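Descriptive analysis of the structure
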Amino acid sequence: MEQKVALVTGITGQDGSYLAEQLLEKNYLVHGIIRRASTFNTSRIDHLFKDIHDPDARLFLHYGDMGDASSIWRIVDHVAPDEIYHLGAQSHVRVSFDIPEYTADIVALGTVRLLEAVRRAKKKIKFYQASSSELFGSSAPPQSEKTAFHPRSPYACAKAYAYYIVQNYRESYGMFASNGILFNHESPRRGETFVTRKITRGIARILAGKDKLIYLGNLDSKRDWGYAPDYTDAMYRILQHKKADDFVIATGKTHSVREFLEECFSLVKLDWKDYVKIDPRYFRPSEVEVLQGDASKAKKELGWSPKMQFKELAKLMLDADMKKEGLKGVL
Ligand code: NAP
Ligand code: G4F
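All values reported here derive from a predicted model rather than from experimental measurement.

Pairs of aromatic rings are described using the distance from one ring centre to the other and the angle between the two planes. For the coordinates displayed, the defined rule picks out 13 aromatic pairs. Judged by centre distance (5.9 Å) and plane angle (55°), the rings of Phe 149 and Tyr 164 are tilted. In this pair, Phe 149 is assigned in the loop between β5 (126-132) and α5 (154-173) and Tyr 164 in helix α5, connecting sequence segments 15 residues apart. Grouped by ring-pair contacts, the aromatic residues Phe 136, Phe 149, Tyr 163, Tyr 164 and Phe 183 constitute a single cluster. The ring of Tyr 18 is capped by Arg 189, whose NZ or CZ atom sits 4.0 Å from the centre of that ring. Positioned over the ring face of Tyr 282 is Lys 198, at 3.3 Å from the centre of the ring.

Okay, the side chain of Arg 94 next. Secondary-structure assignment places Arg 94 in helix α3 (residues 93-98). Looking at Arg 94, the relative accessible area reads 19%, which means it is buried. A polar contact is formed between the side chain of Arg 94 and the backbone oxygen of Arg 281, at a distance of 3.3 Å. Residues in contact with Arg 94, not counting those within four places in the same chain, are Arg 281, Tyr 282, Phe 283 and Arg 284.

On to the pattern of salt bridges. The full count for this structure, using the stated rule, is 23 salt bridges. Of the charged contacts, one joins Asp 246 and Arg 170 as a salt bridge, the two residues approaching to 2.9 Å between their closest N and O atoms. Of this pair, Asp 246 sits in strand β11 (residues 246-249) while Arg 170 is found in helix α5, placing the two residues 76 residues apart along the sequence. Summarising the burial analysis for this pair, Asp 246 and Arg 170 share the class buried. For the salt bridge of Asp 271 with Lys 273, the shortest nitrogen-to-oxygen distance reads 3.8 Å. Classification of Lys 273 as exposed rests on a relative accessible area of 53%. Beyond isolated ion pairs, a larger network of salt bridges with shared partners links Glu 134, Arg 223 and Glu 287.

So, how was this worked out
- Residues numbered from 1 in each chain as written.
- Chains lettered and ligands numbered in written order.
- Predicted model: local features only at pLDDT ≥ 70, side-chain atom pairs only at ≥ 80, totals over all residues.
- Heavy atoms only, no water.
- Phe/Tyr/Trp six-rings, centres within 6.5 Å; stacked < 30°, edge-to-face > 60°.
- Helix = DSSP H or I, 4+ residues; strand = E, 2+ residues; numbered from the N terminus.
- Lys NZ or Arg CZ within 6 Å of the ring centre and 35° of its normal.
- Buried < 20%, exposed > 50% of the residue type's maximum accessible area, 1.4 Å probe, protein only.
- Polar contact = N/O pair within 3.5 Å; in protein donor to acceptor, adjacent residues only side chain to side chain.
- Contact = heavy atoms within 4.5 Å.
- Salt bridge = Lys/Arg side-chain N within 4 Å of Asp/Glu carboxyl O.

By themselves, these figures tell us nothing about what the structure is for.
Below, the structure written as structure tokens:
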């Protein structure tokens, strides 16, 4: 069988690392775009990397940036992928209020830069867009493909542009371009400043004697939290579907930040109220109160359903962070 070639933007992120792993397992050649940084930023994919001179090497990295059209065009030309998974983004909602213009440039315009490179490519390339449940914002749950968008942050507004431009290129140019509208998904590789990881890492550091408290913002908001590798599997399925389309990917269950705290602290037999302080710095000018997805379309058409649920996920993340601190884990 012919070996497929995938290009992954955001390969150094949580999702990019799991997706690269899964594609390599399926015998793909995987190319990723990485940013130049003054420190190493490939820790999530180092375990996948072979020296490029090794004849068995199947993972290749290229310097580029979603803000730089010429690098994107050059990489798409050079790699000539069968599939592009576009995950690269300034992905932090709270930070998007501090850097709204940069967020729009990378998240919204970055997507159209990449789509333009695909449009002018000689071969047909399938395109996956990392859309987000943040698009739903204040729309009432459960949210499905039919729910109206009401974005509540510069990040969500930029993702709304990206969502619609993907649909527009599909309709205008007949491109195989699909949106995965993914609800929150977490893992031991989740960035340390997202709330679940902040909590599991914070507990591990408290137990290791490095920190005394965890400072958080709004504990009342509710999220539909799933496990990242289940969600990267959904991305792959979306591009293997018979036609380009848009899919909600979610567990269908929702829990508050407070519940996540309670779950994690109870695993180490501590009362979270003794270790958590509220810092208004972490409040958002406008909040998304409740996300709870309805992924029945993905179940029916892609045969996708989540394998891991809330309690197991909390335990897995806490266990990994405790072991990183040299402690005995909870698994
Ligand atoms: P992440 O861990 O924050 O990773 C983001 C990736 O984008 C990193 O590889 C980052 O590179 C890269 N990136 C950032 N700015 C870039 C730029 N200017 N040019 C090129 N690459 C850039 O995010 P994630 O959780 O894996 O999420 C992947 C995608 O899914 C993102 O688009 C996110 O918005 C979207 N999404 C995530 C969730 C979720 O719950 N995780 C849900 C829905 C949608 P560095 O490593 O150099 O920073
Ligand atoms: O973990 P969060 O920062 O994730 P958020 O804002 O839901 O965004 C994530 O999921 C989206 C999908 O719905 C992605 F598109 C996006 O890229 C990202 O991956 O915050 C979750 C909730 C929020 O309501 C926030 O206000 O936790 C609340 N929270 C409370 N204290 C906090 C904190 N969030 C963070 N990051 N840090 C806190 O101290």
